[in-house]
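# Notes for the structure review
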Amino acid sequence: MAANTQKHPAPIDVDRLGRPLVGPCHLWVKAVDRKGYGVIGNRDFGSTTIQRAHRVAYALAHGIPLTDLRSVPELDHLCRMTQCCAPRHLEAVSHGENVKRGNVAAINGSKTHCKRGHPFDEANTRTYRNRSGGTSRACRHCQRDASRATYDPAARHDKHLRATGRSQQRGLHDQREVDQVADQRAIRD
Ligand SMILES: [Zn+2]
Ligand SMILES: [Zn+2]
């Protein structure tokens, strides 16, 4: 394991919860998967599946048998380096907590306006518990607009026609009327 990692100063001094980061990163220098996690084939310990290197490192450090990697809990990289295998940079967390700590949450949490430019101030912000167990924000202004569109009778009628495919039929019907008028004109002329 050690031969496949390279010591590297951690890119940050403290983790997201403000705790000092202990020791350097041990970056996996072999294959990584699409998400940037180091991967290791674990033929040597009784299986042919590919494992994430940091999970193997955690198991080694915590006395979890390598034949039972499934019992390694979900891990958060305190250093934010997905290639890092330093056991002290890995913390066992619940899935909900991991997602909450994720960068997506951090980025969304720092936005001051919704995507249509309404302010995320106290009056305009509705907070709710999302499916990952974290907290999300919604713009009241946009939600009002959305529900108004839903209850606009004309918009609803159009939507209904689109959904049932009648607008196409109505199109044909209109065309027939146009033809009839044209025919009548032709007769008159
Ligand atoms: Zn690290
Ligand atoms: Zn908005």
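Residues numbered from 1 in each chain as written. Chains lettered and ligands numbered in written order. Predicted model: local features only at pLDDT ≥ 70, side-chain atom pairs only at ≥ 80, totals over all residues.

## Notes on the overall build of the chain
Each helix and strand in the chain was counted, giving 6 helices and 8 strands. Across the 189 residues of the chain, 16% fall into the buried class. The long-range share in the chain, meaning contacts at least 24 apart out of those at least 6 apart in sequence, stands at 40%. (Helix = DSSP H or I, 4+ residues; strand = E, 2+ residues; numbered from the N terminus. Buried ≥ 20, exposed ≤ 12 C-beta atoms within 10 Å, placed from the backbone. Contact = placed C-beta atoms within 7 Å.)

## Some thoughts on the confidence of the model for the chain
Looking at the chain as a whole, the pLDDT averages 80, with 72% of positions reaching at least 70. Of all helices and strands in the chain, the one with the weakest mean pLDDT is helix 6 (residues 166-188) (54), whereas strand 2 (residues 25-28) scores best (96). (pLDDT = per-residue confidence, 0-100.)

## Topic: unusual backbone geometry
Glycine aside, residues mostly have negative phi, and peptide bonds are mostly found in the trans state. Not every positive phi belongs to a glycine, and Arg 80 is a case in point at roughly 65°. Mapped onto the secondary structure, Arg 80 falls in the loop between strand 5 (75-77) and strand 6 (90-92).

## Section: the environment of His 8
By secondary structure assignment, the location of His 8 is in strand 1 (residues 5-8). Each C-alpha atom, one on His 8 and one on Pro 24, is 5.5 Å from the other, the two residues being 16 residues apart in sequence. Non-local contacts of His 8, meaning those with residues more than four positions away in its chain, are made with Pro 24, Cys 25 and Leu 27.

## Brief notes about the nonpolar core
Side chains of nonpolar character tend, in soluble globular proteins, to be buried together. The biggest cluster of nonpolar side chains holds 18 residues, and the ones touching the most others in it are Cys 25, Ala 53, Cys 79, Cys 84 and Cys 85. Looking at this core, the elements with two or more residues in it are strand 2 and helix 1 (53-62). At 5 residues, helix 1 tops the list of elements feeding residues into this core. Ignoring any residue separated from it by four or fewer positions in sequence, one finds Cys 79 in contact with Ala 10, Pro 11, Ile 12, Leu 21, Cys 25, Cys 84 and His 89. (Core = buried A, V, L, I, M, F, W, Y, C linked by C-beta atoms within 7 Å.)

## Regarding the environment of Val 72
Structurally, the position occupied by Val 72 is in the loop between helix 1 and strand 5. The spatial distance from the C-alpha of Val 72 to the C-alpha of Arg 55 is 6.8 Å, given a sequence separation of 17 residues. Discounting chain neighbours no more than four positions away, the residues touching Val 72 are Arg 55, Tyr 58, Ala 59 and Ile 64.

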